[in-house]
Amino acid sequence: SSGNNAENGDLETEGWEDWMPPTRDLPPDNNPSSKSGEIVSTLCSIYGSADLFIKEYRNLVADKILSNSDYDIATEMRGLEMLKVAFGEDLGQCQIMLQDVVDSRRTHSNIMAQVASPAPFDLTVLIISHVFWPNLRKEDMTVSRPLQQFLEGDYRKVFSQLKRSRDLEWKYNLGFVDLELEFEGGRTASFTVSPLQATIISLMEDRERCHAETISAEVGIPLVLARKKLSFWVTNGVLRETSKDMFEVRELDGGPTRDRVTEDMDSAMVKIEQIRQEELESYTNFVMGLINQSGQITVERVHKLLSMLIDDSVAGLLTEDEVKAFLDKKVKQKLLCYSSGVYKKNKT
């Protein structure tokens, strides 16, 4: 009996140098690819689906690109390569977006080398293949005349020569401008602002004062928006409001140069809520026709029918709450009335 125990002991101690503790209770493998997979899975669960995550990622990439002035996309390229392991061809549009940046750098350099007259100031242009990008905000506005003449003239002409099958549609409201403002008293101030803000302050360059209505008319924006944008320059000590809607440059004696002020700019993307509202509005006549036929209709019925018609690839799956908000809006517009859980045509 004791001999058997000794023999077993020898067997159990044999190869002890290579012994490792059991792994069943250890944390998951520290393999980077394993961790990446867990992160991707977590993100998809947060956003609800892989499709919604990819849409949000496209918006993030677009914002990053549009806030970059030197065509540097190394970080975005690394991130895309990591995510392609999990999503593959589903990220093809992001790949095209980044390729647009690479192509823009080369094309812009070639154009600037061939234009007949120099640009009015340092300029970086991003040329995108818009069908592969998220929906970008479009706001009607004008920019400074020298810049507009250069972009619409020499720049467009050379581009058409290089890319004969393509044309440019300028989105003047997107991008940003680095400004260095100099004042008579020797004061200087640095800003990074939207093209709209840069255009507004440029109108004050040769004027002692200017009315908000004049700014509104010359830039081509609503008066309420002009007032809002002018308040930014008042807050940052560049302008002052001398009377109702009348503004003048605030000239001060020289002082210490402040740190650069960066405007809190809106995202370049059209908000998902706005896209959904526009989609639903386009079906107003369809919904009114349904009510005319049946006399009344429920939220559930409208939701079921519109879910079959509306493409969910842009703003995601249509929800009953979105449909109810749309129908309630029609009640406020006095097109419909609501009672006992159903919507009817307003006959008053």
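Residues numbered from 1 in each chain as written. Predicted model: local features only at pLDDT ≥ 70, side-chain atom pairs only at ≥ 80, totals over all residues. Heavy atoms only, no water.

A. Focus on the packing of aromatic side chains. Inspection of the entire model under this criterion finds ten aromatic pairs. Arranged with centres 6.3 Å apart and planes meeting at 25 degrees, the rings of Phe-53 and Tyr-57 form a pair that is stacked. Linking Phe-53 with Tyr-57, this pair stays in helix α3 (residues 50-66), spanning four residues, or about one helical turn. No difference in accessibility class separates Phe-53 from Tyr-57, as the two residues are buried. (Phe/Tyr/Trp six-rings, centres within 6.5 Å; stacked < 30°, edge-to-face > 60°. Helix = DSSP H or I, 4+ residues; strand = E, 2+ residues; numbered from the N terminus. Buried < 20%, exposed > 50% of the residue type's maximum accessible area, 1.4 Å probe, protein only.)

B. Just the sheet that holds strand β9 (residues 342-345), in detail. Pairing in this open sheet of three strands is antiparallel, and the strands run β7-β9-β8 from one edge to the other. Because the sheet does not close on itself, it has two edges, and the strands there are β7 (296-297) and β8 (336-339). Pairing geometry for β8 and β9, over four bridges, is antiparallel. Residue Cys-337 lies in a different strand from β9, and its bridge partner there is Lys-344. Against the sheet, helix α14 (residues 320-332) touches β8 and β9, its axis set at about 115 degrees to β8. (Pairing = 2+ DSSP bridges. Contact = heavy atoms within 4.5 Å. Axes fitted to C-alpha atoms, helices over the stretch in contact; angles between N-to-C directions.)

C. Quick look at helix α9 (residues 223-235). Taking 1.5 Å of rise per residue, 13 residues should cover 18 Å, and α9 covers 18 Å from first to last C-alpha, within 8% of that figure. Among the residues of α9, those classed as buried are Ala-226, Lys-229, Leu-230, Phe-232 and Trp-233. Looking straight down α9, one finds that the buried residues subtend no more than 140 degrees of arc, so they occupy a single side. Exposed and facing more than 90 degrees away from the buried side of α9 are Val-224, Lys-228 and Thr-235. (Expected span 1.5 Å × (residues − 1). Arc of directions from axis to C-beta.)

D. Geometry of the pairing of strand β1 (residues 177-182). Strand direction decides the pairing type here: β1 and strand β2 (residues 188-193), joined by six bridges, are antiparallel. Its bridge partner being in β2, Asp-178 is matched across the sheet by Thr-192. Linking β1 back to β2 in an antiparallel pair, the connection comprises five residues, with Gly-186 at a positive phi of about 95 degrees.

E. Summary view of a nonpolar patch on the surface. A surface patch of nonpolar side chains, about 300 Å² in accessible area, is lined by Phe-286, Met-308 and Leu-309. On the secondary structure map, Leu-309 appears in helix α12 (residues 299-309). (Patch = residues over 30% accessible without salt bridge, like charges linked within 9 Å, V, L, I, M, F, W, Y side chains within 5 Å. Areas by Shrake-Rupley, 256 points an atom, 1.4 Å probe, with all protein chains shown as cover. Salt bridge = Lys/Arg side-chain N within 4 Å of Asp/Glu carboxyl O.)

F. Structural context of the sheet that holds strand β5 (residues 246-249). With respect to topology, three strands assemble into an open sheet ordered β3-β5-β4, the strand pairing being antiparallel. For this open sheet the edge positions go to β3 (209-211) and β4 (239-243), each flanked by a neighbour on one side alone. Across the sheet, the mean angle from the axis of one strand to that of its neighbour is 35 degrees, orientation sign disregarded. Bridging between β3 and β5 involves three bridges; their strand directions are antiparallel. Its bridge partner being in β5, Arg-209 is matched across the sheet by Glu-248. Against the sheet, α9 engages β4 and β5, with an angle of about 115 degrees to β4.

G. Summary view of unusual backbone geometry. One non-glycine residue, Lys-334, lies in positive phi territory at about 65 degrees. Take Lys-334: it is sitting in the loop between α14 and β8. In this structure, Ser-340 takes a positive phi of about 55 degrees despite not being glycine.

H. How the structure looks around α3. The first and last C-alpha atoms of α3 sit 24 Å apart over 17 residues, in line with the 24 Å expected at 1.5 Å per residue. Turning to α3, its buried residues are Phe-53, Ile-54, Lys-55, Tyr-57, Arg-58, Asn-59, Val-61, Ala-62, Ile-65 and Leu-66.

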